[in-house]
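# Structural overview for review
Listed below are the residues making up each chain.
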Amino acid sequence: MQHDKHWSDDVEIFSSGAIVVRIEHKSFRYLLLKAYNFWDFPKGQVESGESAIEATIREVEEETTITDLNFRWGQEFYQTPAYFKGKKIARYYLAETHRHEISLPVNPELGHPEHNDWIWATRSQALKLVTPRVREAIYWSDLFLAHDPRIV
């Protein structure tokens, strides 16, 4: 697949990841990963020659060991405005998993996991834990999740 460039030339880092959800007690839980003091969804830099969706699938597996992502809501995405001094953007797709337990494997380049904690958060927990940039991605996901017939 060809690399899909949908960002400004000023942006140096293009990350892609997923708002990973699963159903528990007839409501959605959001997978959040913690690095340092920040909670975010699994994501990482899109590599040369890789599409954003390919990077998303790879990054989610590398960071969580989840391999059963289902993009049941299609491949629409939410993309953040530039952050980190205008040099970085993040794209988030919405995906579902049936996995409950995940692992935080060691990143061979770092010699330790990229994240130090994870949680399956309710929507209200997630909104309290994440930064405003990530909160906007959750609001975007409401367009799909709020009307899912499997939840009450």
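Residues numbered from 1 in each chain as written. Predicted model: local features only at pLDDT ≥ 70, side-chain atom pairs only at ≥ 80, totals over all residues. Heavy atoms only, no water.

This part covers helix α3 (residues 132–145). Taking 1.5 Å of rise per residue, the 14 residues of α3 would be expected to cover 20 Å, and the 19 Å separating its terminal C-alpha atoms lies within 8% of that figure. Contacts made by the buried residues of α3 are with β1 (13–24), β2 (27–35), β3 (38–40), β5 (77–79), β6 (88–96) and α2 (123–129). (Helix = DSSP H or I, 4+ residues; strand = E, 2+ residues; numbered from the N terminus. Expected span 1.5 Å × (residues − 1). Contact = heavy atoms within 4.5 Å.)

The final tally for this structure, using the stated rule, is 13 salt bridges. R133 is the partner of D40 in a salt bridge, and the nearest nitrogen-oxygen pair spans 3.4 Å. Taken together, the residues D40 in strand β3 and R133 in helix α3 connect sequence positions 93 residues apart. Of the residues examined, D40 reaches a relative accessible area of 10% and is grouped as buried. As a salt-bridge pair, R58 and E59 come within 2.8 Å of each other at their nearest N and O atoms. Taking relative accessible area as the criterion, R58 reaches 17% and is therefore assigned buried. (Salt bridge = Lys/Arg side-chain N within 4 Å of Asp/Glu carboxyl O. Buried < 20%, exposed > 50% of the residue type's maximum accessible area, 1.4 Å probe, protein only.)

In summary, soluble globular proteins display a tendency toward joint burial of nonpolar side chains. Core analysis: the biggest nonpolar cluster contains 23 residues, and I19, V21, Y30, F41, Y92 and L94 have the highest contact counts within it. Tallying contributions element by element places α3 first for this core, with six residues. In this view, L94 contacts I19, V21, N70, F71, W73, G74, E76, W140, S141, F144 and L145; residues no more than four positions away in its chain are not counted. Ranked by size, the runner-up nonpolar core spans 19 residues in total, among them L31, A52, A55 and V60. (Core = buried A, V, L, I, M, F, W, Y, C linked by side-chain atoms within 4.5 Å.)

Consecutive side chains of a regular strand alternate in pointing toward one face of the sheet and then the other. Of all the nine residues making up β6, nine are buried; the element is thus mostly covered by neighbouring parts of the structure. Where burial is concerned, the two faces of β6 agree: the one with K88, A90, Y92, L94 and E96 and the one with I89, R91, Y93 and A95 are both buried. With nine bridges joining them, β1 and β6 adopt parallel strand pairing. Its bridge partner lying in β6, I19 is registered against L94. (Pairing = 2+ DSSP bridges.)

Further remarks concern the packing of aromatic side chains. Within the structure shown, the criterion is met by six aromatic pairs. Relative to W73, the ring of F28 lies with its centre 6.0 Å away and its plane at 70 degrees, an arrangement referred to as edge-to-face. One end of the pair, F28, is in strand β2; the other, W73, is in the loop between α1 (52–64) and β5, and 45 residues separate them in sequence. On the basis of relative accessibility, which here comes to 6%, the residue F28 falls in the buried class. A relative accessible area of 16% places W73 in the buried class. Every member of this aromatic cluster is reached through a ring pair, and the members are F71, F77 and Y93. (Phe/Tyr/Trp six-rings, centres within 6.5 Å; stacked < 30°, edge-to-face > 60°.)

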